[in-house]
Amino acid sequence: MAASRNLLELFYDVVSPYSWLAFEVLCRYRNVWNVDLRLRPGFLGGLMNLSGNRPPAMVPLKGLYMVKDIDRLAQYCNVPLRQPSDFFGSVIEKGSLQAMRFVTAVEMKHPEFVESVSRELWMRIWSRDEDITQPGSLLAAASKAGVQPQHAKELLGMISNPDVKNRLKQTTDEAAKHGAFGMPVIVAHVDGVPHMFFGSDRFELIAYLLREKWFGPVPSRNAPKL
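Residues numbered from 1 in each chain as written. Predicted model: local features only at pLDDT ≥ 70, side-chain atom pairs only at ≥ 80, totals over all residues. Heavy atoms only, no water.

**Focus on the overall build of the chain**
Note the threshold: Numbering of helices and strands runs from the N terminus; a helix is a DSSP stretch of H or I covering at least four residues, while a strand is a stretch of E covering at least two. As defined in this context, the radius of gyration uses C-alpha atoms, and a globule is described by 2.2 Å times the residue total to the power 0.38. Buried residues are those whose accessible area, probed at 1.4 Å on protein chains only, stays under 20% of the maximum for their type, while exposed residues exceed 50% and partly exposed ones sit between those limits. Note on contacts: a residue pair qualifies if any of its non-hydrogen atoms lie within 4.5 Å across the two residues. Only the protein chains shown count as covering a residue, and every accessible area follows the Shrake-Rupley method with a 1.4 Å probe.
Looking only at helices and strands, the chain has ten helices and four strands in total. N-terminal to C-terminal, the α/β element order of the chain is β-α-β-α-α-α-α-α-α-α-α-β-β-α. For 226 residues, the compact-globule formula gives about 17 Å, and the C-alpha radius of gyration of the chain, at 17 Å, lands near that figure. When its C-alpha atoms are laid out on the principal axes, the chain stretches across 50 × 40 × 40 Å. Across the 226 residues in the chain, those meeting the buried criterion constitute 49%. Taking the contacts inside the chain whose residues are at least 6 apart along the sequence as the reference set, 73% of them involve residues at least 24 apart. Total accessible area on the chain is roughly 11400 Å²; 53% of this is exposed by carbon and sulfur atoms.

**Describing the packing of aromatic side chains**
For the record, the criterion: Side-chain rings of Phe, Tyr and Trp, where Trp is taken by its six-membered ring, are said to pair if the distance between their centres is within 6.5 Å; with planes under 30 degrees apart they count as stacked, over 60 as edge-to-face, and otherwise as tilted.
Tallied over the entire structure, the rule returns nine aromatic pairs. For the ring pair Tyr-29 and Trp-33, a centre distance of 4.5 Å and an interplane angle of 50° mean the geometry is tilted. Of the two residues, Tyr-29 and Trp-33, neither departs from the other in class, the shared state being buried. Ring pairs connect the aromatic residues Tyr-12, Trp-20, Phe-23 and Trp-122, which therefore count as one cluster.

**A few points about the pairing of strand S2 (residues 35-41)**
Here is the rule: For two strands to be treated as a pair, DSSP must find no fewer than two bridges joining them. When the strands point away from the viewer, a crossover counts as right-handed if the path from the first strand over the helix to the second runs clockwise.
In terms of strand pairing, strand S1 (residues 6-12) meets S2 through seven bridges, oriented parallel. Bridge pairing in S2 links Phe-11 to Arg-40. A crossover links S1 with its parallel partner S2, the connecting element being helix H1 (residues 17-29), and its sense is right-handed.

**Points about the state of the cysteines**
Our working definition: By convention in this document, the label disulfide applies to cysteine sulfur atom pairs within 2.5 Å.
As enumerated under the stated definition, the model contains zero disulfides in all. Between Cys-27, a free cysteine, and Cys-77, which holds the nearest cysteine sulfur, the sulfur-to-sulfur gap is 13 Å. By relative accessible area, which is 7% here, Cys-27 ends up buried.

**A closer look at the nonpolar core**
Nonpolar side chains tend toward joint burial in soluble globular proteins. For the record, the criterion: Only buried Ala, Val, Leu, Ile, Met, Phe, Trp, Tyr and Cys residues count toward a nonpolar core, and they belong to the same one when joined by side-chain atoms within 4.5 Å.
Leu-8, Tyr-12, Phe-102, Val-117, Leu-121 and Ile-186 are the most contacted members of the largest nonpolar core, which totals 69 residues. Here this core takes nine residues from H1, the largest share from any one element.

**Some remarks on helix H10 (residues 203-210)**
Rules: For this quantity, the arc is that covered by the directions from the helix axis to the C-beta atoms.
For H10, the set of buried residues is Phe-203, Ile-206, Ala-207 and Leu-210. Viewed end-on, H10 has its buried residues packed into an arc of 100°, placing them on one side of the element. Contact partners of the buried residues in H10: S1, H1, S2, strand S3 (185-190) and strand S4 (193-198). Immediately downstream of H10, the backbone of Arg-211 shows phi near 60°, a positive value.

**Quick look at the sheet that holds S1**
To keep it simple, the criterion reads: Lines fitted to C-alpha atoms define the axes, with helix axes restricted to the stretch in contact, and inter-axis angles between N-to-C directions lie between 0 and 180 degrees.
What the four strands build is an open sheet, ordered S2-S1-S3-S4; its pairing is mixed. Two strands close off the open sheet at either side, each with one partner strand: S2 and S4. On average, each strand axis in the sheet is tilted by 20° relative to the strand beside it, whichever way the strands run. Running at roughly 10° to S3, H10 makes contact with S1, S2, S3 and S4 of the sheet.

**Topic: the packing of helix H7 (residues 135-144) against helix H8 (residues 149-158)**
In plain terms, the rule: Reported orientations rely on four angle classes, namely roughly parallel under 35 degrees, roughly antiparallel over 145, roughly perpendicular from 65 to 115, and oblique for the rest. The crossing is said to be left-handed when, going from far helix to near helix, the turn is anticlockwise and less than a right angle, and right-handed when the turn is clockwise. Classification convention: Asp, Glu, Lys, Arg as charged; Ala, Val, Leu, Ile, Met, Phe, Trp, Tyr, Cys, Pro as nonpolar; all other residues, Gly among them, as polar.
It is at 10 Å that the axes of H7 and H8 come closest, and there the two elements cross at 140°. As judged from the angle between their axes, H7 and H8 are oblique. H7 and H8 meet at a crossing whose hand is right-handed. For the pair formed by H7 and H8, the contact residues are Pro-135, Leu-138, Leu-139 and Ala-142 on the first element and Ala-152, Lys-153 and Leu-156 on the second. Per-class residue counts for the contact of H7 with H8 are six nonpolar, no polar and one charged.

What follows is the structure, given as structure tokens:
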């Protein structure tokens, strides 16, 4: 009899470059490990407030380190990460609340597009240096992700809906209850017990917990390029 599949939950925000790295690696490994992957769009700003944390880029030396770290990890993980030309304006000032409400609306109405819409939003802010806050930007991302125009407009109209706002808050609160203080957060459910991992560099430990093998961030070099 085949072994039962373990559940991996990824709590993420598209404003976080490390979330993108974790997202792509887990999307690759869902076909390698005996796992089901559940994508959990949350709001990093809200989680920071709940935990009393602050963005690493607000600490000068951490910010300088992040620039080098992201460049190295982008190459290592085969993810086309590039720093926005105005990091502070794009990431800190504008933030991602509208974008994550949009992804949450997608999750609620058209969950089959959560992965592609999330990826396209990351591509906009963290690869092509484009906006993710304006309505036109969200519609463009949805279009490129394969969402029909009429559905995209419907999703855009949902971002002010209390149900969407509450869902995003609930997901963020759930991450906090797992002990999260930032994103990405991966929660591995093994034998009915949740195990929380922070960051995009704990895959070896997750593999150990799952009794699986870790083959690096690109388990198959035949994986499609972004």
